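# Remarks on the overall topology
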2 protein chains.
Amino acid sequence: MAKARNILFIMFDQLRWDYLSCYGHPHLHTPNIDRLASMGVRFDRAYIQAPICGASRMSTYTGRYVNSHGAGWNNVPLRVGEPTLGDHLRKAGMSCWLVGKTHMAADVEGMERLGLKRGTTIGERVAECGFDVYERDDGMRPEGPDGFYDEGGAVAYNAYLRSRGYGGDNPWHDHANSAIDADGNVLSGWFLNNSNKPANIAEEDSETPYMTRRGMEFIERQGDAPWCMHLSLIKPHWPYIVPEPYASMFGPQDFLPVVRTQEEFDAAHPVFKAMMTGPVARTFCRDEVRNAVLPAYMGLIKQIDDQMGVLFDWLERTGRMQDTMIVLTSDHGDFLGDHWLGEKQFFHDTSTKVPLIIYDPSPEADATRGTVSDALVEQIDLAPTFLAVAGGAPVDHVLEGHSLLPILHGTATEMPREVAICEYDYSGTPLRARLGVSVEDARCFMAASKAWKLIHFEGGFRPMLFDLVNDPRELVDLGDSPEHADIIAMMYDHLHAWFRRCDQRITKSREDLEAMGGRIGRRGVTIGVYSEAEADPELVVRYVGRKARPWQDIAARKPIA
Amino acid sequence: MAKARNILFIMFDQLRWDYLSCYGHPHLHTPNIDRLASMGVRFDRAYIQAPICGASRMSTYTGRYVNSHGAGWNNVPLRVGEPTLGDHLRKAGMSCWLVGKTHMAADVEGMERLGLKRGTTIGERVAECGFDVYERDDGMRPEGPDGFYDEGGAVAYNAYLRSRGYGGDNPWHDHANSAIDADGNVLSGWFLNNSNKPANIAEEDSETPYMTRRGMEFIERQGDAPWCMHLSLIKPHWPYIVPEPYASMFGPQDFLPVVRTQEEFDAAHPVFKAMMTGPVARTFCRDEVRNAVLPAYMGLIKQIDDQMGVLFDWLERTGRMQDTMIVLTSDHGDFLGDHWLGEKQFFHDTSTKVPLIIYDPSPEADATRGTVSDALVEQIDLAPTFLAVAGGAPVDHVLEGHSLLPILHGTATEMPREVAICEYDYSGTPLRARLGVSVEDARCFMAASKAWKLIHFEGGFRPMLFDLVNDPRELVDLGDSPEHADIIAMMYDHLHAWFRRCDQRITKSREDLEAMGGRIGRRGVTIGVYSEAEADPELVVRYVGRKARPWQDIAARKPIA
């Protein structure tokens, strides 16, 4: 084994932490991902910073909380000038490439203000969240009466499908994400009652194998220079549909039981209740929906695991397993009817806790191989970890997480934090109008210690509280329990300490600031010195012994024009 | 009178609110500034956002709190990409020019990352805090054993002085800011025992008249296009020294009595005590220092007032008084021995409250001419005020203050806030090391309502509290008073609500976010729809009635290369 020289940063989208066998799923066997876990450290308490793709990813790719970078929802552009993982890594001599999804929206107005143009190296990096792009594919090409959601969606993948003979104007939809009936009618994967049908595509042409191959292609083309490559795969994100053989692998006997209680529904906090009673949540609470969706969701994960097997075997064969750190994670989970919700936009561990496995080939990591860490990890810890692997000096005044290397190398077991933070900004969603909340107040915040999880809502709502030790399934909200007032106050103290952190002083490092103290005195700024006699002679050397003529004598004085 | 078309934004440096006769000084008569107050509104409770030049100004020039823009001390660069007053005004069709001081430090590293270069229009604006520069002069050219504090300091002014016949390598120091003895020895204005001697310069060549003339020159050169010009004068900031006739105008009989008590000193909070016992504070508590400095400080203000008279008369003559809003303010005050402090770096009104006078020529403002407003105003209210004058749409998602036009036009008497905020970051000062506080914790925050002022310190210190109604001179710190625990808790609630504000989501406006709700559905993102039968036919128009061939039949399928 050698020191990690490269970083393969694999992210899945909407992959629940508990749908892998190494995390305890009893029926969904994922031996290849489990193999990675046996070679590295599996983190059991890794939180994302927002339960929605775009905001979660912007935190991961900047190493900063949503509250710090501001891109709080999908398609809220990341402000121009916000430093990224790519900026830090390149400065340390490591390239940073994208193969797959980011959900980045460029700050077009900010770029215009600064004269930055797409098509230039810098303009592209700013527009692509700091990555150099090998292939950008956000994994969707939806189209409605107002047109495409994303003009750039799945363009290269659709071209690939066409090169493979798939027809129609959008084979991403018609083949990769739909089934077909005997009469040739497309059964769209957008409709959940089609989820349990096989996608009308050869398995090898579907999205996960395609993008995994693109990742291997990228690696194959690298020379000796160290690289970080973000292999970012869309599945098991919806549309929930998978080709054979995965479409037929799983049935209700393989499901994890749904996690919800009537009491939970009846007593729900008003914001939680509004989510539960929204159209998406109501759909996912129907048994027929779970029965149709779960086999596809599980099949997609099984396919992912097989593709990881292909990838890891190839890395072994090519020698890259010896010099490449491999990180495998997800951007958030999926409620799938648990807690009376669908999708991911709330704070239960179901959505906010993600699988995180890190394999470090370096000998320093030998002591921890195959271990499980219950350290309180945040996804923003990845950027400082990668920077440390690249050999860059820490940039603690910009990056808000902490390197995981001490845990990977067995020199620490805990992270230097009391709580993990996750934020949800619902200002751009219909939920805001349903609740009658202002754009400014449509925000909520989770602070989770190992023992407690507090959820704070702006807009005058009471908080929610879960006892993670005695109620790990988070079914009993103690947010209005008088007996828990002290716990709530303690968790608010943590949350407010976090709000008060120094997150925007990004132009001066700790070392810069430490060195500033008194420096101005050596450059002649002489404050509070009564007389030459009281002055430090060295500091005022330029102010003593000088001569001048009286202004009245100055010959050249003339009327001001 | 016509509507304001232009904005003349005058700022003095280190001018205390109570050293003008319109604000109540009994001996320092400032009839010209008082005249402006009689033509406009005089704000009696205007707070700056940081008690230090650079940070205060960065807030004023961005319209955002220090906690939002991050430039917390002098020479902490304003991060690249932070939008400025100039950006907003130019978008609204008004130019934005600088004549004088900003204390801006360019984010050289950030500019390099984005490929922005000085010498280009955009690069200059980014480096100059959004201003187009007519003349930048931060008003100082200090020099010590390590060289100049600022290579660009007073360069044009020194050239002017040389053109007027003043000699030496630094006439800014030797003439404008020093006296002379009978033997031609320069008596440096950096030494406070020289403050009561006349500066060795013709009054007309000293800094305030010079820069005032530069401002008039700028205005003279403007055509019909609307402009905002920031006339930003260094005085009465130190070096405290003024030429005749001002040098001899004031003596101890004219001083405001010093505001401090032994009890205040003895009971002082540890951070306050560390400030009181620092070298600068100790100097300013000596009577001989006040006796030397105050005549110069007052003389500088008297000179300022006379120059404002020249300027206002000229504006009348040229017709600009009819179409130009005039704003006169300061970036912070000066303790001058009050509260056992020198300089300005703490939170008493002495430093954090500033004079603010706004004259609006428009007829809508007739009803308020000569009135005094006790609304709780922050300096960050100026940017939205100016944007409103320029006719631009509000940018509430970026600017954190509120337009003062409703008060100027008599349609409101209060501002929409409960507390004014001021922040002080002492991480780059010797005080931090003296207190043994980390760079991260070397920050403190003021929240002031009309009744109470809370000061919160990071680093584990107790808060301070002043009762502004019963103790307007802020001599009794109630921060450890058990009877005031409820008040302290209430003020902390205000402070924490402020910390939780949404300050970084600057790439989407409220209107954008309101319009986002549900928009993705019209672009084909179809979530939580069980079947075609349950779908809104309009939204899924692109997913129904489609045809495809079974993948097994696709003739062009071939092995993957």
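Residues numbered from 1 in each chain as written. Chains lettered and ligands numbered in written order. Predicted model: local features only at pLDDT ≥ 70, side-chain atom pairs only at ≥ 80, totals over all residues. Heavy atoms only, no water.

The next subject is the environment of D366 of chain B. Residues and elements named next belong to chain B. As for its placement among the helices and strands, D366 is situated in the loop between β11 (353–359) and β12 (371–373). Look at D366 and you get partly exposed, because its relative accessible area is 43%. Separated by 2.7 Å, the side chains of D366 and R369 make a polar contact. (Helix = DSSP H or I, 4+ residues; strand = E, 2+ residues; numbered from the N terminus. Buried < 20%, exposed > 50% of the residue type's maximum accessible area, 1.4 Å probe, protein only. Polar contact = N/O pair within 3.5 Å; in protein donor to acceptor, adjacent residues only side chain to side chain.)

With that settled, consider the sheet that holds strand β15 (residues 443–448) of chain B. Residues and elements named next belong to chain B. Spatially, β14-β15-β16-β17 is the arrangement adopted by the four strands of the open sheet, whose pairing is antiparallel. In this open sheet, the two strands that pair with only one neighbour each are β14 (420–425) and β17 (464–467). If you compare each strand with its neighbour and ignore which way they point, the axes differ by 15° on average. Sheet topology note: the strand β16 (residues 452–457)/β17 ladder contains four bridges and is antiparallel. Counterpart to I455 in the pairing with β17 is M464. (Pairing = 2+ DSSP bridges. Axes fitted to C-alpha atoms, helices over the stretch in contact; angles between N-to-C directions.)

Chain A puts 131 residues into the contact, and the matching count from chain B is 131 residues. Of the roughly 11,400 Å² buried where chain A meets chain B, counting both sides, 56% is carbon and sulfur surface. Sorting the residues of chain A by area buried against chain B places R79, R500 and Y530 of chain A first, and these three jointly supply 7% of that buried surface. There are 24 salt bridges connecting chain A and chain B. The salt bridge partner of R500 of chain A is E458 of chain B, with a shortest N-O separation of 2.5 Å. Summed over the shared surface of chain A and chain B, the number is 68 residue pairs in polar contact (both at pLDDT 80 or more). (Contact = heavy atoms within 4.5 Å. Buried area = accessible area lost by both parts, 1.4 Å probe. Salt bridge = Lys/Arg side-chain N within 4 Å of Asp/Glu carboxyl O.)

So, on to the relation of the copies chain A and chain B. Rotating chain A by 180° about the axis while translating it 0.0 Å along that axis superimposes it on chain B, leaving an RMSD of 0.0 Å. The superposition of one copy onto the other is thereby described by a two-fold rotation axis. Across chain A, the rotation axis passes nearest the C-alpha of G81 of chain A, at a separation of 2.5 Å. Taken as a fraction of all interface residues of chain A, those also at the interface in chain B reach 100%, which identifies the copy contact as same-surface. (Least-squares fit on C-alpha atoms with pLDDT ≥ 70 in both.)

Scanning all chains against the criterion turns up 50 aromatic pairs over all chains. An angle of 85° between the planes, with centres 5.1 Å apart, marks the rings of Y61 of chain A and F131 of chain A as edge-to-face. With Y61 of chain A in helix α2 (residues 53–62) and F131 of chain A in the loop between α6 (121–127) and β4 (132–136), the pair connects residues that are 70 residues apart, well separated along the chain. Summarising the burial analysis for this pair, Y61 of chain A and F131 of chain A share the class buried. Aromatic pair F346 of chain A and F347 of chain A: ring centres 5.5 Å apart, planes at 45°, arrangement tilted. A single burial state applies to F346 of chain A and to F347 of chain A, both of which are buried. The structure contains a cluster of three or more aromatic residues connected by ring pairs, namely F272, F346, F347, F457 and F461 of chain A. Note that K353 of chain A overlies the ring of W17 of chain A, its terminal NZ or CZ placed 3.9 Å from the centroid. A cation sits over an aromatic face here: R42 of chain B above Y23 of chain B, 4.5 Å from the ring centre. (Phe/Tyr/Trp six-rings, centres within 6.5 Å; stacked < 30°, edge-to-face > 60°. Lys NZ or Arg CZ within 6 Å of the ring centre and 35° of its normal.)

The share of residues in chain A with pLDDT of 70 or more is 99%, and the mean pLDDT across the chain is 97. Both confidence scores are given for the complex: pTM 0.97, ipTM 0.96. (pLDDT = per-residue confidence, 0-100.)

Before going further, it helps to examine helix α2 (residues 53–62) of chain B. Residue and element names in this part refer to chain B. Counted residue by residue, α2 has 10 buried out of 10 residues, so it is predominantly covered. Along α2, the positions that sit buried rather than exposed are C53, G54, A55, S56, R57, M58, S59, T60, Y61 and T62. Contacts made by the buried residues of α2 are with β1 (6–13), α3 (66–69), α4 (85–91), β9 (227–236) and α15 (382–390). Looking one or two places after α2, you find G63, whose phi comes out positive at around 70°.

Right, let's talk about the sheet that holds strand β14 (residues 420–425) of chain A for a bit. Residue and element names in this part refer to chain A. Spatially, β14-β15-β16-β17 is the arrangement adopted by the four strands of the open sheet, whose pairing is antiparallel. Only two strands of the sheet have a single partner each, and these edge strands are β14 and β17 (464–467). Pairwise comparison of adjacent strand axes, ignoring direction, gives a mean angle of 15° for this sheet. Against the sheet, helix α18 (residues 485–499) engages β14, β15 (443–448), β16 (452–457) and β17, with an angle of about 65° to β16.

Further remarks concern the side chain of N170 of chain A. Structurally, the position occupied by N170 of chain A is in the loop between α7 (155–163) and α8 (171–176). If we skip the residues at most four places from it in the chain, N170 of chain A touches R141, F148 and N158 of chain A together with R546 of chain B.

Moving on to the packing of helix α1 (residues 31–39) of chain A against helix α13 (residues 287–318) of chain A. Residue and element names in this part refer to chain A. Contact geometry for α1 and α13: axes closest at 7 Å, N-to-C directions at 50°. In terms of axis orientation, α1 runs oblique to α13. Where α1 abuts α13, its residues P31, N32, I33, R35, L36 and M39 lie against K302, I304, D305, D306, M308, G309, F312, D313 and E316. A per-class count over the contact of α1 with α13 returns seven nonpolar, two polar and six charged. (Parallel < 35°, antiparallel > 145°, perpendicular 65-115°, else oblique. Nonpolar A, V, L, I, M, F, W, Y, C, P; charged D, E, K, R; others polar.)

All names here are of chain A. Summed over all chains, the structure comprises 101 salt bridges over all chains. The closest approach of N and O atoms between D13 and R57, which form a salt bridge, is 2.9 Å. With D13 in strand β1 (residues 6–13) and R57 in helix α2, this pair connects stretches of sequence that are 44 residues apart. Each member of the pair, D13 as well as R57, is classed as buried. Close ionic contact of E288 with R286 constitutes a salt bridge, the shortest N to O distance being 2.7 Å.

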